[in-house]
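For reference, the chains in residue letters:
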2 protein chains.
Amino acid sequence: MAITYSEEIQVERAKTTKINSVDFNNLAFGKIFSDHMFVCDFEDGKWQTPKILPYQPITLQPSSKIFHYGQSIFEGMKAYKDENGSVFLFRPIDNCKRLNISAKRLAMPEIPEDYFMNGLKELLKIEKDWIPTSEGSALYIRPFMFATGEGFHASPADSYKLVIAFAPSGPYFSGDVKVLIEEKYSRSANGGVGFAKAGGNYAGQFYPTQLAKEKGYQQVIWTDDNTHEYIEEAGAMNIFVRINDTLLTVPTSDRILDGITRKSILKIAEDEGIKTEVRKIKVSELIEASENGSLKELFGAGTAAVVSPISGFGFKGKNYDLPKLEDTFGARLKKRITDIQTNKAEDPFGWRIKVC
Amino acid sequence: MAITYSEEIQVERAKTTKINSVDFNNLAFGKIFSDHMFVCDFEDGKWQTPKILPYQPITLQPSSKIFHYGQSIFEGMKAYKDENGSVFLFRPIDNCKRLNISAKRLAMPEIPEDYFMNGLKELLKIEKDWIPTSEGSALYIRPFMFATGEGFHASPADSYKLVIAFAPSGPYFSGDVKVLIEEKYSRSANGGVGFAKAGGNYAGQFYPTQLAKEKGYQQVIWTDDNTHEYIEEAGAMNIFVRINDTLLTVPTSDRILDGITRKSILKIAEDEGIKTEVRKIKVSELIEASENGSLKELFGAGTAAVVSPISGFGFKGKNYDLPKLEDTFGARLKKRITDIQTNKAEDPFGWRIKVC
Ligand SMILES: Cc1ncc(COP(=O)(O)O)c(C=O)c1O
Ligand SMILES: Cc1ncc(COP(=O)(O)O)c(C=O)c1O
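These numbers were taken from a predicted model, which means no experiment stands behind them.

**Focus: the overall build of chain A**
In step 1: A count of helical and extended segments in chain A gives six helices and 21 strands.
In step 2: Expected size for 356 residues packed as a compact globule is a radius of gyration near 21 Å; at 21 Å, chain A falls within 12% of this value.
In step 3: For the C-alpha atoms alone, the extent of chain A along its principal axes is close to 65 × 55 × 35 Å.
In step 4: For chain A, contacts bridging at least 24 residues in sequence account for 70% of all contacts bridging at least 6.
In step 5: Split by element, the accessible area of chain A, about 14100 Å² in all, is 46% carbon and sulfur.
In step 6: A distance of 1 Å separates the average location of the 45 positive side-chain charges in chain A from that of its 47 negative side-chain charges.

Printed below as a string of structure tokens:
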């Protein structure tokens, strides 16, 4: 394989491409991976030469700490292509910053912003044909970092690997989303790692989510672990509530992920003249609002899920349906954010970054 | 390599051994690994043929869920050799049961007890020369299971790998152990995964433990995440407190690991006529007892740490030293449990299992 150099990144091109075997009009979420990946190793106390390599397996010792002590963090972002074939990222520096917030909490090394951004952009230039353009699809970008260092001793590893891989993806949810408000299990603790995108936060959600699925719900809305009286967020999205004409979402905390979609939606809503409130929301308030008809909408917001309307929620064995409205805040905000992301609309906020 | 079969386990022998390069009188903890490992894959909805293979690297796709969603659990156990060269395990079924408790909570498949026990015993027979016999050392056994199945979708994997690897090991702690009682960070949530040996529980402890180390403490004693008023457990051991002549430990819960050493120590203490109490312990009670002189001992109990005396603890910037006693409960209980484990004493409880 020919080895070329682009700036400081060592690039090794794949000999063949898998792209012709992909049906870009029928994409699942995160199941197909592009031809190359970005890799950077942290060893001997520093980040080594960043590389773009053919997408390939990773080989590790059985004693690598990723297998034992959960030092594993990730990010989720998307790249979009406009009608002219130009490639855009949405607030990517925020993902890099959040990756480093996660890294710090998990005692992992922080990645310099230019390593991350240059690697990501170079990889995107090479893989730009992998960006799908059909409605609701995008190139899902998965940066992840994990402990490679060895030892059966519960202490931080001395080496790590950062990888960025791409998966052209369709919508995250297929069909209606119903959520169960959790009364027993919890996602995170005060003083814990809930605000980090740490692998362990997700594994812990699977079993309660399976139980919810058995009852006909796709996702769980987590509540505070102490009283279960306040809603927090869902498995992979922050939650918005519309009561009459006010759009509510809960404040972030050390238990809740500071979603980039969440904060963007808040800004756009303000820009659209929608009244917003960031405050704690009691489960009992949701129930009451549902019963007295003031609960108009419930939706999730996240990179993977974009804006996903929720059609109903369950609590203590009872199901509460949301009304079916014509013009929703959700649809309006989704269109606005998607148009900004895909260069179909002005970006007064300076969020969009053109890559090539 | 010659392939032989022992019962249903497929055995492939290593061509060479590393054993001659090991200094068995100067062992660190969990840094050297024996020649073989036990491997069993879960695929297509069932556990496949169990194998004993030369200890070797593991190759995974970048999209394997272990790298993204933290589906990773483990166990820690030890094998001991007596003067006649006979090999013993200590309550191994309890480790298998706990592995399966962890598996269920993390939405991973449970391993049948006979797969686990037969694999472990066969591997031990092959590796019995790796069991160190010097004071304070043992063969540390690390069963671990993780998600191999692929996808950038936060949902349980469809395939998993169980590995059992061996590390001849010396003591877990070198020297004095001082602990910091945590006031800000937490290990686990009500309704969370704290009772499971999930990888993510450990990564979350590293950063607060680093902060404690900078202040001169080796370990953190975790407190409840809601009030930080009650002590829970340490990073890799349950905590015992001796007030006057009563030995106390806190009840296990969904936030605390149900330690096998802990429950064994409780039984032995009763057998020794020591008064025990299992109840909640307030940090303020510890402080008071330290100040009025009734706090006699503090020790940690765990497979890796055995019984580790704690010489002092920190709280709110103040240090509290434990008295230096001649005959401690800790030393007496440590001798009794170690003698049972190494076949130096009767085992009235039926805990010891002879392997070969
Ligand atoms: C737990 C959790 N909450 C919220 C979000 C939404 O965050 P963002 O909008 O930055 O994708 C995600 C997904 O990234 C998530 O995993
Ligand atoms: C968090 C935690 N608590 C307690 C223990 C002690 O458990 P056991 O005595 O079963 O080894 C361990 C170690 O295994 C542990 O990791």
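**Topic: the interface of chain A and chain B**
In step 1: With 59 residues of chain A at the interface, the matching set in chain B holds 59 residues.
In step 2: With both chains or domains summed, chain A and chain B bury close to 5200 Å², and 62% of this area falls on carbon and sulfur atoms.
In step 3: Per-residue buried area on chain A facing chain B is highest for A:Phe67, A:Phe152 and A:Phe206; these three make up 15% of the total on that side.
In step 4: Linking chain A with chain B are zero salt bridges.
In step 5: Across the contact surface, chain A and chain B share 22 residue pairs in polar contact (both at pLDDT 80 or more).
In step 6: Of all elements in the fold, only β6 (58-60), β7 (72-74), α1 (92-105), β10 (138-147), β11 (160-169) and α3 (199-214) of chain A reach the threshold of two or more residues within the side of chain A that touches chain B.
In step 7: The element best represented in the side of chain A that touches chain B is α3(A), accounting for nine residues.

**Points about the site of ligand 2**
Residue and element names in this part refer to chain B.
In step 1: Of all residues adjacent to ligand 2, which total 17 residues, the nearest are Lys 197, Tyr 202, Glu 233, Thr 261 and Thr 303.
In step 2: Within the backbone of Ile 260, one N or O atom sits 2.7 Å away from an oxygen atom of ligand 2.
In step 3: The set of elements that each furnish at least two residues to the shell around ligand 2 consists of β14 (231-234), α4 (260-271) and β18 (295-302).
In step 4: A class-by-class count of the residues in the shell around ligand 2 yields seven nonpolar, six polar and four charged.

**Looking at the relation of the copies chain A and chain B**
In step 1: Expressed as a screw operation, the relation of chain A to chain B combines 0.0 Å of axial shift with a rotation of 180°, fitting to an RMSD of 0.0 Å. What we have between these two chains is a two-fold relation.
In step 2: Same-surface contact between copies: 100% of interface residues of chain A are shared with the interface of chain B.

**Some points on the domain arrangement of chain A**
All names here are of chain A.
In step 1: We note that the domain assignment places domain 1 (10-171) and domain 2 (178-341) within chain A.
In step 2: Relative to domain 2, the C-alpha centre of domain 1 lies at a distance of 27 Å.
In step 3: Facing the 20 residues of domain 1 at the interface are 21 residues of domain 2.
In step 4: Carbon and sulfur atoms make up 62% of the area that domain 1 and domain 2 hide from each other, which totals about 1700 Å².
In step 5: On the domain 1 side of the interface with domain 2, the three residues burying the most area are Phe 90, Arg 98 and Arg 105, jointly 35% of the side's total.
In step 6: Summed over the shared surface of domain 1 and domain 2, the number is one salt bridge.

**Thoughts on the site of ligand 1**
Residue and element names in this part refer to chain A.
In step 1: Close to ligand 1 lie 17 residues, the nearest being Lys 197, Tyr 202, Glu 233, Thr 261 and Thr 303.
In step 2: One nitrogen or oxygen atom from the side chain of Arg 98 is found 2.8 Å from an oxygen atom belonging to ligand 1.
In step 3: Within the side chain of Tyr 202, an N or O atom sits 2.4 Å from an oxygen atom of ligand 1.
In step 4: Within the complex, the protein chains bury 97% of what would otherwise be the 380 Å² of accessible surface of ligand 1.
In step 5: Listing elements by their share of the shell around ligand 1, those giving two or more residues are β14 (231-234), α4 (260-271) and β18 (295-302).
In step 6: A class-by-class count of the residues in the shell around ligand 1 yields seven nonpolar, six polar and four charged.

**Some details on the pattern of salt bridges**
It is possible for side chains bearing opposite charge to pair when their charged atoms get close.
In step 1: In total, this model carries 40 salt bridges over all chains according to the counting rule given.
In step 2: Linking B:Asp94 and B:Arg91 is a salt bridge whose minimum nitrogen-to-oxygen distance equals 3.8 Å.
In step 3: The shortest N-O distance in the salt bridge between B:Glu113 and B:Lys97 comes to 3.2 Å. Separated by 16 residues along the polypeptide, B:Glu113 in helix α2 (residues 113-126) and B:Lys97 in helix α1 (residues 92-105) bring together distant segments of the chain.
In step 4: Each of the salt bridges in this network shares a partner with another, and the network as a whole consists of A:Asp271, A:Glu272, A:Arg332 and A:Arg336.

**A closer look at the nonpolar core**
In step 1: The biggest cluster of nonpolar side chains holds 116 residues, and the ones touching the most others in it are A:Val241, A:Phe313, B:Val241 and B:Phe313.
In step 2: Discounting residues that sit within four places of it in the chain, B:Val241 has contacts with B:Ile231, B:Thr246, B:Leu247, B:Leu248, B:Ile281, B:Leu286, B:Leu295, B:Glu297 and B:Leu298.
In step 3: Within the second largest apolar cluster, 44 residues are counted, among which are A:Leu89, A:Ala103, A:Leu106 and A:Val193.

**Describing unusual backbone geometry**
Residues and elements named next belong to chain A.
In step 1: Backbone geometry places Asn 244, a non-glycine residue, at a positive phi of 50°.
In step 2: In this structure, Asn 244 sits in the loop between β15 (238-243) and β16 (246-249).
In step 3: According to the relative accessible area criterion, Asn 244 is partly exposed, its value standing at 41%.

**Quick notes on the side chain of A:Arg336**
In step 1: When you line up the elements, A:Arg336 lands in helix α6 (residues 329-341).
In step 2: Discounting residues that sit within four places of it in the chain, A:Arg336 has contacts with A:Ile268, A:Asp271, A:Glu272, A:Pro348 and A:Phe349.

**A look at α2(B)**
In step 1: Compared with an ideal rise of 1.5 Å per residue, which puts 14 residues at 20 Å, α2(B) spans 20 Å between its outermost C-alpha atoms and is within 8% of the ideal.
In step 2: Looking only at α2(B), the buried set comprises B:Phe116, B:Met117, B:Gly119, B:Leu120, B:Glu122, B:Leu123, B:Leu124 and B:Ile126.

**Structural notes on the packing of aromatic side chains**
All names here are of chain A.
In step 1: Throughout the structure, instances matching the rule amount to 42 aromatic pairs over all chains.
In step 2: Taking 5.5 Å as the distance between ring centres and 10° as the angle between the ring planes, the aromatic pair formed by Phe 33 and Tyr 55 counts as stacked. In this pair, Phe 33 sits in the loop between β2 (9-12) and β3 (36-43) while Tyr 55 sits in the loop between β5 (51-54) and β6, placing the two residues 22 residues apart along the sequence.
In step 3: Phe 33 gets classed as buried once you look at its relative accessible area, which sits at 9%.

**Quick word on the environment of A:Leu333**
In step 1: Among the secondary structure elements, A:Leu333 is positioned in helix α6.
In step 2: The contacts of A:Leu333, once residues within four sequence positions are left out, are A:Leu247, A:Ile265, A:Ile268, A:Ala269, A:Ile274 and A:Phe299.

Cut-offs applied
Residues numbered from 1 in each chain as written. Chains lettered and ligands numbered in written order. Predicted model: local features only at pLDDT ≥ 70, side-chain atom pairs only at ≥ 80, totals over all residues. Heavy atoms only, no water. Helix = DSSP H or I, 4+ residues; strand = E, 2+ residues; numbered from the N terminus. Rg over C-alpha atoms; globule rule 2.2 N^0.38 Å. Contact = heavy atoms within 4.5 Å. Areas by Shrake-Rupley, 256 points an atom, 1.4 Å probe, with all protein chains shown as cover. Lys, Arg positive; Asp, Glu negative; His and termini not counted. Charge placed at Lys NZ, Arg CZ, Asp CG, Glu CD. Buried area = accessible area lost by both parts, 1.4 Å probe. Salt bridge = Lys/Arg side-chain N within 4 Å of Asp/Glu carboxyl O. Polar contact = N/O pair within 3.5 Å; in protein donor to acceptor, adjacent residues only side chain to side chain. Near = heavy atom within 4 Å. Nonpolar A, V, L, I, M, F, W, Y, C, P; charged D, E, K, R; others polar. Least-squares fit on C-alpha atoms with pLDDT ≥ 70 in both. Domains from an automatic or database assignment. Core = buried A, V, L, I, M, F, W, Y, C linked by side-chain atoms within 4.5 Å. Buried < 20%, exposed > 50% of the residue type's maximum accessible area, 1.4 Å probe, protein only. Expected span 1.5 Å × (residues − 1). Phe/Tyr/Trp six-rings, centres within 6.5 Å; stacked < 30°, edge-to-face > 60°.

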